[in-house]
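Survey of secondary and tertiary structure
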Amino acid sequence: MKSNKYILSILLGGMIGMTACTDNFESLNTPDGAFTDEMQDYDYQRQLIPFKTSQTAIIYQTGVDGTDWQYQTMQNLAADMYAGYFHDMNGSFNDKNSSYKLNSPWTNEQWAKTYAQGMPAIASAEKIDTKDEFPDFYAVNKIIKVAMMHRVADYYGPIIYKNFGKENPDPESLQEVYNDFFADLSEAIEILKEYTAKEGVERFANTDIMMPEGKRTYSQWIKFANSLRLRLAIRISNVDKALAQTQAQAALDAKNGGVLENADETVGEYGVRNPLGGVNGWGEVFMGASLESFLNGYSDPRISKYFVPAVGNTGAKGEAAELFPIKGTYKGVRQGTNVTTDNRYLTHSKTSVTINTPIIVMSAAEVWLLRAEAALRGYVDAGKEAEYYKKGVETSFAQWNAGDASAYLASDAVPVDYKDAFDKKFDAKALTTITPKWDATATNEQKLERIITQKWLACYPDGCEAWAEQRRTGYPQLFKVAVNNSNGVIDTDIMIRRLPFSSDLDAGTISKLTNLLGGADNGGTRLWWDAGKNNF
């Protein structure tokens with residue numbers, strides 16, 4: 001990790017009450033005296049300034065070499081690891097987040113960075129892009145806001161959302177925030193439908209980095225909004241079935257513009273630096289042990305798209321001795337080994353993501369698997385869950401150029417046990433026998449496990465979404481931490497459920513947020529949508 005000392009210069013009163021910050025947003029993002037009012041009005045440049053910033057704040061990146069550590073602390077040392085995707089081999093990190101001794105400078109970052117960069121850009125756009133004068137910008141801004149802030153809410157629980165920018169703003173409970181998310185998406189979809197019917201011209205295509213080239217249209221933004229709506233509807237299915245069903249039906253109603261369906265419709269951040277690739281360039285992004293278990297067990301052809309083979313130890317002085325050769329294999333690192341004496345896992349499989357790899361925000365494969373769960377729950381198209389499951393896997397294979405999925409979908413393969421390359425005490429037995437092959441005679445719970453396991457594999461490498469769904473459903477069944485340094489705060493078997501609120505906030509705000517959370521402000525408290533069981 002390349003560490004820079006990050007000092008949060010805007011405490012909550014300034015960070016949340018952003019009147020001064022948002023008033024000066026344009027001038028802060030242009031050379032002094034170079035960007036006149038006349039120039040800002042030309043070709044909608046005034047509108048596009050905050051739009052450029054907010055898009056890159058969804059999956060946070062600055063695009064500047066040397067700042068990738070910000071993504072690392074925000075996501076890679078938290079959600080990416082807790083989702084079972086990645087692990088940093090750095091021995092100096094292994095006694096902290098990895099082993100549940102949560103490091104507050106890291107756990108603060110998702111909150112701090114989003115409220116310092118993303119939300120001020122949103123607030124600036126909300127002032128400039130009125131519903132009457134700029135309905136299209138107004139609507140797209142709402143979609144970006146939901147895409148950005150549901151990630152923060154799913155990390156911490158209660159957040160400041162609709163009151164952001166006010167003096168001494170009140171936070172909202174996670175349930176209230178989700179209602180706001182649905183309202184914002186619904187309004188955005190209706191506005192874009194009406195605007196597209198009348199105008200049909202996307203006024204910001206040159207600044208749209210989220211839609212694939214050739215698909216930078218309002219119709220694609222509508223599809224993305226409906227897909228987000230479906231994602232969030234399924235998220236609350238265990239705690240508010242009625243609302244989940246209503247929102248899922250609205251998202252999948254053809255009259256509302258459709259959802260992402262094809263492999264070439266991946267929503268992301270294109271043409272910008274991928275910070276995960278930057279961290280990987282330091283040699284700090286390695287395959288998680290759980291992902292090794294599933295990908296190797298299934299002989300999943302996506303494994304070579306996701307990771308590079310292990311290089312293995314060379315036998316050089318000071319290297320840990322391998323118990324068995326790993327060179328040329330796909331080898332992962334188990335979370336929570338608490339090994340701090342060396343960087344022994346440095347020779348394991350690194351991610352294939354580079355700084356030039358497009359950032360993935362949402363894929364059509366995920367959406368098909370959301371539809372499969374919606375069908376399983378009887379919200380829409382009951383009885384079609386097997387068909388949608390198959391489409392989800394096929395679309396993921398197409399997205400990653402992994403070949404024909406037919407043999408994979410017919411496979412009875414199961415996850416394999418994990419064997420640590422250096423110490424047998426970290427070995428772990430596979431926790432499930434779930435297969436890629438669909439089983440029509442299985443219980444609903446077994447069918448859900450199969451759907452979510454494949455969605456987990458398809459959502460790679462976005463740990464935020466994967467971790468949220470693993471907490472909601474319990475799937476896939478991940479290996480537990482080998483060493484738990486939380487002093488009993490986080491149960492090893494129940495696993496980590498959230499991150500604590502930013503310690504940079506004032507005591508009064510933390511108190512309000514904690515009251516809305518309904519439990520202790522620590523990693524063991526469940527979020528509102530995390531019911532601890534699946535309710536069909």
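The rules behind the values
Residues numbered from 1 in each chain as written. Predicted model: local features only at pLDDT ≥ 70, side-chain atom pairs only at ≥ 80, totals over all residues. Heavy atoms only, no water. Helix = DSSP H or I, 4+ residues; strand = E, 2+ residues; numbered from the N terminus. Rg over C-alpha atoms; globule rule 2.2 N^0.38 Å. Contact = heavy atoms within 4.5 Å. Areas by Shrake-Rupley, 256 points an atom, 1.4 Å probe, with all protein chains shown as cover. Lys, Arg positive; Asp, Glu negative; His and termini not counted. Charge placed at Lys NZ, Arg CZ, Asp CG, Glu CD. Salt bridge = Lys/Arg side-chain N within 4 Å of Asp/Glu carboxyl O. Buried < 20%, exposed > 50% of the residue type's maximum accessible area, 1.4 Å probe, protein only. Axes fitted to C-alpha atoms, helices over the stretch in contact; angles between N-to-C directions. Parallel < 35°, antiparallel > 145°, perpendicular 65-115°, else oblique. Left-handed = near helix turned anticlockwise from the far one by under 90°. Nonpolar A, V, L, I, M, F, W, Y, C, P; charged D, E, K, R; others polar. Phe/Tyr/Trp six-rings, centres within 6.5 Å; stacked < 30°, edge-to-face > 60°. pLDDT = per-residue confidence, 0-100. Core = buried A, V, L, I, M, F, W, Y, C linked by side-chain atoms within 4.5 Å. Arc of directions from axis to C-beta.

When its secondary structure is counted, the protein shows 22 helices and four strands. Scaling as 2.2 N^0.38, a compact globule of 536 residues should have a C-alpha radius of gyration of about 24 Å, and the protein matches this with 23 Å. Projected onto its principal axes, the C-alpha coordinates of the protein cover approximately 70 × 55 × 45 Å. Relative to all contacts within the protein whose residues are 6 or more apart in sequence, the contacts with residues 24 or more apart total 75%. Of the accessible surface of the protein, which amounts to about 19,800 Å², a share of 48% is contributed by carbon and sulfur atoms. The distance from the centre of the 55 positive side-chain charges to the centre of the 68 negative ones in the protein is 5 Å.

Okay, the pattern of salt bridges next. In the structure shown here, the tally under the stated rule is 35 salt bridges. Residue Glu172 pairs with Lys162 through a salt bridge whose shortest N-O separation is 3.9 Å. Residue Glu172 is found in the loop between helix 10 (135-156) and helix 11 (174-198), and its partner Lys162 is found in the loop between helix 10 and helix 11; the two are separated by ten residues along the sequence. Assessed through its relative accessible area of 3%, Glu172 is described here as buried. One salt bridge connects Asp530 with Arg526, and the closest N-O pair in it is separated by 2.8 Å.

Across the interface, helix 18 (residues 385-399) lies against helix 20 (residues 444-459) with an axial gap of 10 Å and an inter-helix angle of 20°. Judged by the angle between their axes, helix 18 and helix 20 are roughly parallel. In this structure, helix 18 crosses over helix 20, and the sense of that crossing is left-handed. When helix 18 is examined against helix 20, the residues Glu385, Tyr389, Val393 and Ser396 are found in contact with a partner set consisting of Lys447, Arg450, Ile451, Gln454 and Ala458. Looking at the contact of helix 18 with helix 20 residue by residue, the classes come out as four nonpolar, two polar and three charged.

Moving on, we get to the packing of aromatic side chains. Two descriptors summarise a pair of aromatic rings, namely the distance from one centre to the other and the angle between the planes of the rings. Going through the model one piece at a time under the given rule, you end up with 40 aromatic pairs. Here Tyr161 and Phe181 contribute two aromatic rings whose centre-to-centre distance is 5.0 Å and whose plane-to-plane angle is 90°, an arrangement assigned as edge-to-face. Of this pair, Tyr161 sits in the loop between helix 10 and helix 11 while Phe181 sits in helix 11; the two residues are 20 residues apart in sequence, bridging distant segments of the chain. Residue class for Tyr161 comes out buried when judged on its relative accessible area of 1%. For the ring pair Tyr389 and Trp438, a centre distance of 5.0 Å and an interplane angle of 45° mean the geometry is tilted. Of the two residues, Tyr389 sits in helix 18 while Trp438 sits in the loop between helix 19 (406-409) and helix 20, which places them 49 residues apart along the sequence. Taking the relative accessible area as the measure of exposure, Tyr389 reaches 2% and is therefore buried.

The pLDDT averaged across the protein works out to 92; a share of 92% of its residues lies at or above 70. Here helix 1 (residues 12-16) is the element of the protein with the lowest mean pLDDT, 36, and helix 18 is the one with the highest, 99. Here residues 3-28 is modelled with pLDDT under 50, and outside its nearest four sequence neighbours on either side it reaches 56 contacts, counting other chains as well.

Let's shift gears to the nonpolar core. In this structure, Trp221 and Phe224 are the most contacted members of the largest nonpolar core, which totals 136 residues. Element by element, the count of residues in this core is highest for helix 10, at 14 residues. Aside from chain neighbours lying at most four places away, what touches Phe224 is Ile143, Ala147, Met210, Met211, Leu260, Val267, Val361 and Met362. Phe286, Ala310, Ile326 and Val339 belong to the second-largest nonpolar core, a separate cluster that totals eleven residues.

For the rest of this paragraph, the subject is unusual backbone geometry. The step from Tyr460 to Pro461 runs through a cis peptide bond, and the omega angle for that step is 10°. Here Pro461 is to be found in the loop between helix 20 and helix 21 (463-473). With an omega of -5°, the peptide bond between Tyr475 and Pro476 qualifies as cis. Within the secondary structure, Pro476 sits in the loop between helix 21 and helix 22 (507-517). Backbone geometry at Ser299 places phi at a positive 50°, although glycine is not the residue there. Structurally, the position occupied by Ser299 is in the loop between helix 15 (289-297) and helix 16 (303-306). Overall, Ser299 belongs to the exposed group, its relative accessible area being 60%.

What follows is about helix 13 (residues 241-251). An α-helix turns once per 3.6 residues; consequently, residues spaced three or four apart project the same way. If you check which residues of helix 13 are buried, you get Leu243, Ala244, Gln247, Ala248, Ala250 and Ala251. Along helix 13, the residues classed as buried sweep out an arc of 160° about the axis, all on the same side. Buried residues along helix 13 sit in contact with helix 11 and helix 12 (218-235).

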